[in-house]
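# Chains, contacts and geometry: an overview
Here's the letter readout for the chains.
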Number of protein chains: 2
Amino acid sequence: MEELLKRAFSGDPRAIGRLISLVESEAPTAKELMKQIYPHTGKAHVIGVTGSPGAGKSTFVDRLISYYKNDGKKVGVIAIDPSSPYTGGAILGDRLRMQSHALDPDVYIRSMGSRGNLGGVSRATHEAALILDACGYDVVIIETVGVGQSEVDIVKIADSVCLVLVPGMGDDVQIMKAGIMEIADVFVINKSDKDGADKVASDVQLMLKLLGEKEWIPPVVMVSSYKNTGVDQVKTELDGHRHFLESSEEGKKRRYSKLEMEVEAILRGEISLIVERAWKEEREAGILDKLACRSCDPYTLTADIISKIVQ
Amino acid sequence: MEELLKRAFSGDPRAIGRLISLVESEAPTAKELMKQIYPHTGKAHVIGVTGSPGAGKSTFVDRLISYYKNDGKKVGVIAIDPSSPYTGGAILGDRLRMQSHALDPDVYIRSMGSRGNLGGVSRATHEAALILDACGYDVVIIETVGVGQSEVDIVKIADSVCLVLVPGMGDDVQIMKAGIMEIADVFVINKSDKDGADKVASDVQLMLKLLGEKEWIPPVVMVSSYKNTGVDQVKTELDGHRHFLESSEEGKKRRYSKLEMEVEAILRGEISLIVERAWKEEREAGILDKLACRSCDPYTLTADIISKIVQ
């Protein structure tokens, strides 16, 4: 493990991939690894990119990478692939769109499955971002496929969130329902040469007004990834947002609230394992029969279980 | 409290409403109440009705109620209203469509907000269903507004789940993604006099085939709530499904798995409170500063917290 960490810290992409696989598969050594990795983190700018399927996120991310590269930055990308809940199989995203950087040693691109429970996915994504941070990537981009509740939970761990919208998708309601408007720091109106782009931009401005005044006013940037216009401005806005996070009281609050979420996610995971063990014992002792015939109730039962676990 | 329970058990709708409000607001007395209520439960047939907004669920439920009433049954309805995550305000569903039963003493209709965390909503909904069960309602219908992951979690507590689909919504993908195909016991193709209804039905049959053989083969029923055709057959199928649950090994397995979910949801809720308390102490002692400067890591910290809580 020592050896693996050393190789990863020196930038060996195979060693980095191995580390991410270990946390993704929740290997027994993963927790110990993360303890070693954590002290080296906190330097990268973690950027979440979310938006409906078809909004052109991968092409946009591909362009964005180039601008960071021009600044001499190393860029890591974590692309979340959705999996159908009933087959468990991952639908492969169109990662080809990022192929212009596929052979670049300063760009690391990794797909992660989103199978399993939601808590597990956001935790693994977060840990992968920490690993890339510790291994010297200056910018870590997390790209989700859709824009539902689960994606919101995943991009919440980012320092800065880009929401990519396009004209003619009519997904305003879904986006508002998922609560993504409040967590977006930069709005990207992609395919902005298409009809209706101005309407999308003004709708966003209106929704932002409805959400009320905030210290950081999310900019709305017109982009065409295809023509490569506006992406440089997105990078400028993201740099500005990072500066805001580092220099303002509001920024500190956000960093602390992310640390809280981080600890809480791990706590929830650990405690579920302990509860599950105690509950399994009860089930093996036949408690379900008693519940079924109502000679016991779940409220008394859970109080019993908890009194056995907790000091 | 004794008095309130007595009045509710005797069928007083105001007392029943008060009980549901107590569990919905997570009142301190709620747990004690549920202990008293639980032994009286297990008689009702709990039916979940879900489907996209605009699929005509409320009108369908209104018709379904009539058929149960014809059998001399008392019917309780719990309608889940969604709330926008960013205002916290509940959008009122179109409950008017159930108005034909509004003054009927044998029909109890209750709207519940879906604000707050998801676990809280499914738990409150489940407890409301238990209350109606204990208070003598033979059939309890839980109607959700949308068909997302949260709705799946809510209708999972039902004995039988109806999925209402309509032609021309094109929501197959979303429904499949949410994993709702596997939990539906009866498929209702509503507005079946419209073009495309046969296509929806055959798509469903195909998807069911893809899911593989199961002991209960979910029927697909063509319905027009407007013309009131097919709803009687849905009721027949629901009665059949209930018989299946009561008489088969598979049915017993499902009942037991629901009991498990029930206990686990309460366990999770209780344990979170305990963990939150311990975690709050750490925060007040300034642990976030240490995490921020990386002089402590979340993995060591959570292990410490857990060792303090758990025996």
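Everything numeric here is computed off the predicted structure, so don't read it as measured data.

## Section: empty space enclosed by the protein
Residue and element names in this part refer to chain B. On inspection of all chains with the given rule, the structure shows one cavity of 30 Å³ or more. Volume-wise, the largest cavity comes out at about 30 Å³. Asp159, Leu245, Gly251, Arg254, Arg255 and Lys258 are the residues that line the largest cavity. Counting residues per element, the lining of the largest cavity draws most heavily on helix H10 (residues 249-284), which supplies four residues. Residue composition of the lining of the largest cavity, grouped by class: one nonpolar, one polar and four charged.

## Digging into the environment of A:Asp159
All names here are of chain A. Along the chain, the position of Asp159 falls in the loop between helix H6 (149-155) and strand E5 (160-165). Separated by 92 residues in the primary sequence, Asp159 and Gly251 have C-alpha atoms spaced 9.4 Å apart. Not counting chain neighbours up to four residues away, the residues in contact with Asp159 comprise Ala44, His45, Val46, Asp185, His241, Leu245, Arg254 and Lys258. Polar side-chain contacts of Asp159 include one of 2.7 Å to the side chain of Lys258.

## Things to note about the pairing of strand E6 (residues 186-189) of chain B
Residue and element names in this part refer to chain B. Here E6 shows no split at all, with Val186 and Val188 on one side and Phe187 and Ile189 on the other all buried. Inspection of the sheet shows strand E5 (residues 160-165) paired to E6 by four bridges, in the parallel sense. Residue pairing in the sheet places Leu165 in a bridge with Ile189 of E6. Pairing of E6 with strand E7 (residues 220-222) involves three bridges; the strand directions are parallel. Opposite Ile189, over in E7, you have Met222 as the bridge partner. Traced from E6 through helix H8 (residues 197-211) to E7, the parallel crossover comes out right-handed.

## As for the sheet that holds E5(A)
Residues and elements named next belong to chain A. With parallel pairing, seven strands are arranged side by side in an open sheet as E3-E2-E4-E1-E5-E6-E7. Lying at the two open borders of the sheet, with one neighbouring strand each, are strand E3 (107-113) and strand E7 (220-222). Mean inter-strand twist for the sheet, computed between neighbouring axes without regard to direction, equals 20°. Here helix H9 (residues 231-247) sits on the sheet in contact with strand E1 (45-50), E5, strand E6 (186-189) and E7, set at roughly 150° to E5.

## Examining the packing of aromatic side chains
If you walk through the whole model with that rule in mind, you get five aromatic pairs over all chains. Plain terms: the ring middles of B:Tyr108 and B:Tyr137 are 6.1 Å apart, the flat faces sit at 50° to each other, and that makes the pair tilted. Of the two residues, B:Tyr108 is situated in strand E3 (residues 107-113) and B:Tyr137 in the loop between helix H5 (118-134) and strand E4 (139-143); the sequence distance between them amounts to 29 residues. Here the aromatic rings of B:Trp216 and B:Phe244 are separated by 5.4 Å at their centres, their planes lie at 40°, and the arrangement is tilted. Placement of the pair is B:Trp216 in the loop between H8 and E7 and B:Phe244 in helix H9 (residues 231-247), with a sequence separation of 28 residues. When sorted by exposure, B:Trp216 lands in the same class as B:Phe244, which is buried. Stacked on the ring of A:Tyr137, the Lys or Arg A:Lys74 has its end atom at 4.6 Å from the ring centre.

## Some thoughts on the pattern of salt bridges
Residue and element names in this part refer to chain A. In total, this model carries 42 salt bridges over all chains according to the counting rule given. The salt bridge involving Asp12 is made with Arg7; its shortest N-O contact spans 3.1 Å. Since its relative accessible area comes to 23%, Asp12 is described here as partly exposed. A residue is classified by how much of its surface remains accessible, and Arg7, at 34% relative accessible area, is partly exposed. Between Glu276 and Arg283 there is a salt bridge, with the nearest N and O atoms lying 3.1 Å from each other.

## Digging into the interface of chain A and chain B
Contacts between chain A and chain B engage 51 residues on the former and 51 residues on the latter. Buried surface at the junction of chain A and chain B, both sides included, amounts to about 5100 Å², of which 72% is carbon and sulfur. Two residues, B:Arg283 and A:Glu264, come together in a salt bridge whose shortest N-O distance is 3.4 Å. There are 13 residue pairs in polar contact (both at pLDDT 80 or more) connecting chain A and chain B.

## Quick look at the relation of the copies chain A and chain B
Mapping between the two chain copies consists of a rotation about an axis together with a translation along that axis. Once chain A has been moved 0.1 Å along the axis and rotated by 180°, it coincides with chain B to within an RMSD of 0.1 Å. Between the two chains, the operation in question is that of a two-fold axis.

## Focus on helix H4 (residues 57-70) of chain A
Residue and element names in this part refer to chain A. Under the 1.5 Å per step criterion, the end-to-end length of H4 is 20 Å for 14 residues, consistent within 8% with the ideal 20 Å. Restricting attention to buried positions, one finds in H4 the residues Lys57, Ser58, Phe60, Val61, Asp62, Leu64, Ile65 and Tyr68. Looking at the residues trailing H4, positive phi occurs at Gly72, about 80°.

## A short note on the side chain of A:Lys258
Inspection of the secondary structure assignment puts A:Lys258 in helix H10 (residues 249-284). For A:Lys258, a relative accessible area of 19% puts it in the buried group.

## Side note on the environment of A:Pro105
Its location among the elements puts A:Pro105 in the loop between strand E2 (75-81) and E3. Along the backbone, A:Pro105 and A:Pro13 are 92 residues apart, and their C-alpha atoms lie at a distance of 8.3 Å.

## A look at the confidence of the model for chain A
All names here are of chain A. With 88% of its residues at a pLDDT of 70 or more, chain A shows a mean pLDDT of 86. Residue range residues 83-97 is modelled with pLDDT below 50. Its contacts to residues more than four positions away, or to other chains, number 33 contacts. Overall fold confidence for the complex sits at a pTM of 0.68, while the interface term, ipTM, reaches 0.81.

## Section: the sheet that holds E7(B)
All names here are of chain B. As summarised here, the arrangement of the seven strands in space is E3-E2-E4-E1-E5-E6-E7, forming an open sheet in which the pairing is parallel. Two strands lie at the open edges of the sheet, namely E3 and E7, each paired on one side alone. Neighbour-to-neighbour, the strand axes of the sheet open up by a mean angle of 20°, direction not taken into account. Along the sheet face, helix H4 (residues 57-70) touches strand E1 (45-50), strand E2 (75-81), E3, E4, E5 and E6 and points at about 175° away from the line of E4.

What counts and how
- Residues numbered from 1 in each chain as written.
- Chains lettered and ligands numbered in written order.
- Predicted model: local features only at pLDDT ≥ 70, side-chain atom pairs only at ≥ 80, totals over all residues.
- Heavy atoms only, no water.
- 1 Å grid on protein atoms, 1.4 Å probe; cavity = no way out; pocket = protein on both sides within 12 Å on 5 of 7 lines; lining within 4 Å.
- Points joined across faces, edges and corners; volume = space filled by probe spheres on them.
- Helix = DSSP H or I, 4+ residues; strand = E, 2+ residues; numbered from the N terminus.
- Nonpolar A, V, L, I, M, F, W, Y, C, P; charged D, E, K, R; others polar.
- Contact = heavy atoms within 4.5 Å.
- Polar contact = N/O pair within 3.5 Å; in protein donor to acceptor, adjacent residues only side chain to side chain.
- Buried < 20%, exposed > 50% of the residue type's maximum accessible area, 1.4 Å probe, protein only.
- Pairing = 2+ DSSP bridges.
- Right-handed = clockwise from strand over helix to strand, strands pointing away.
- Axes fitted to C-alpha atoms, helices over the stretch in contact; angles between N-to-C directions.
- Phe/Tyr/Trp six-rings, centres within 6.5 Å; stacked < 30°, edge-to-face > 60°.
- Lys NZ or Arg CZ within 6 Å of the ring centre and 35° of its normal.
- Salt bridge = Lys/Arg side-chain N within 4 Å of Asp/Glu carboxyl O.
- Buried area = accessible area lost by both parts, 1.4 Å probe.
- Least-squares fit on C-alpha atoms with pLDDT ≥ 70 in both.
- Expected span 1.5 Å × (residues − 1).
- pLDDT = per-residue confidence, 0-100.

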